[in-house]
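Geometric and topological summary
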Amino acid sequence: MGSAVAGSERDARFLRQTLRGRPTLLPPSWSPPQLGRRPPVPTRTLLALILPALLLALGPAPVAHAQSPSTYERQVVKATNKVRVSHALNPLKGSACLSDYAERQARQMSRQGSLSHQDLSAVSHACGLRRVAENVAAGFSNGRTVVRSAWMHSSSHRGNILTSAHRVTSVGAVRDAAGRWWTVQLLGR
């Protein structure tokens, strides 16, 4: 019993010396040693274990994977059609005319740094469509995620994707200097 008390006194002295005026890295769940328990891991060992993880977490942001806008756009169309087919709807076909408007709007949102909708009556008229709907988003890492995690969880966006009258779609995706994706999906008939 005498050695256990001496050990806890030694641990308490170590703690007082360690915490006196010097920054110390302790795990959040750390508590002072108790009788019959192992002494705490020395600070150097903790630093050797935790510092590399901290450097990785706090270091420069990793470069977004080099995904091209066309890959992102194809992912949106593929994910959209997968959802539509799962709801017994026809897949959408591409539209070159809608593509021009989607790309233009994605570039504009990226430049302005905010989400906005364009005048859909102008798009409808220029592309010879009776109806046009638009979904916009920013900050999603890939096309599948923007469909599954954003649009399908919003009733109005989900409604645009699942409208049975839609026959065509096109997507514009632009990555800004910070690596953030700006996405516009146009759907129509």
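Residues numbered from 1 in each chain as written. Predicted model: local features only at pLDDT ≥ 70, side-chain atom pairs only at ≥ 80, totals over all residues. Heavy atoms only, no water.

An unreviewed UniProt entry annotates the protein chain as CAP domain-containing protein originating from Nocardioides oleivorans.

Describing the overall build of the protein chain
Of the regular secondary structure elements, the protein chain holds seven helices and four strands. Seen in sequence order, the protein chain has helices and strands lined up from the N terminus as α-α-α-β-α-α-β-α-α-β-β. The buried share of the protein chain, taken over its 189 residues, is 35%. Considering only intrachain contacts with a sequence separation of at least 6, the fraction spanning at least 24 residues in the protein chain is 66%. Entry remark: accessible area of the protein chain is about 11800 Å², with carbon and sulfur atoms responsible for 57%. (Helix = DSSP H or I, 4+ residues; strand = E, 2+ residues; numbered from the N terminus. Buried < 20%, exposed > 50% of the residue type's maximum accessible area, 1.4 Å probe, protein only. Contact = heavy atoms within 4.5 Å. Areas by Shrake-Rupley, 256 points an atom, 1.4 Å probe, with all protein chains shown as cover.)

Topic: the sheet that holds strand β4 (residues 181-188)
The sheet built from four strands is open, its strands ordered β1-β3-β4-β2 with mixed pairing. Each edge of the sheet is formed by a strand with only one pairing partner; in this case those strands are β1 (93-94) and β2 (132-138). The pairing of β1 with strand β3 (residues 168-175) spans two bridges and is classified as parallel. For lysine 93, the partnering residue across the bridge sits in β3 and is valine 168. Sitting on the sheet, helix α3 (residues 69-86) touches β3 and β4, and the angle it makes with β3 is about 140°. (Pairing = 2+ DSSP bridges. Axes fitted to C-alpha atoms, helices over the stretch in contact; angles between N-to-C directions.)

Some words on helix α5 (residues 120-127)
Along α5, the residues classified as buried are Val123, Ser124 and Cys127. On an axial view of α5, the arc spanned by its buried residues comes to 100°, and they lie on one face. Structurally, α5 contributes buried residues whose contacts are with α4 (96-112), β2 and β4. Among the residues trailing α5, glycine 128 stands out with phi positive, at a value near 65°. (Arc of directions from axis to C-beta.)

Quick notes on the packing of aromatic side chains
Counted under the stated rule, the structure contains one aromatic pair. When the centroid spacing of 4.5 Å and the interplanar angle of 25° are considered together, the rings of tyrosine 72 and tryptophan 181 count as stacked. Taken together, the positions of tyrosine 72 in helix α3 and tryptophan 181 in strand β4 put the pair 109 residues apart, joining distant regions of the chain. The exposure class assigned to tyrosine 72 is buried, which follows from its relative accessible area of 0%. (Phe/Tyr/Trp six-rings, centres within 6.5 Å; stacked < 30°, edge-to-face > 60°.)

Overview of the environment of valine 184
Considering the arrangement of structural elements, one finds valine 184 in strand β4. On the accessibility criterion, valine 184 (0% relative accessible area) is buried. Remark: the alpha-carbon pair of valine 184 and alanine 138, spanning 46 residues in sequence, is separated by 8.9 Å. What valine 184 contacts, discounting residues up to four positions off in sequence, is Ala102, Gln105, Ala106, Met109, Gln118, Glu134, Asn135, Val136, Ser170, Val171 and Gly172.

Some details on the state of the cysteines
With the rule as written, the count across this model stands at one disulfide. Each sulfur in the disulfide pair cysteine 97 and cysteine 127 lies 2.0 Å from the other. Between cysteine 97 and cysteine 127, the S-S dihedral sits near -85°, and the bridge is therefore left-handed. One end of the pair, cysteine 97, is in helix α4; the other, cysteine 127, is in helix α5, with 30 residues separating them in the sequence. A relative accessible area of 25% means that cysteine 97 is categorised as partly exposed. (Disulfide = S-S within 2.5 Å.)

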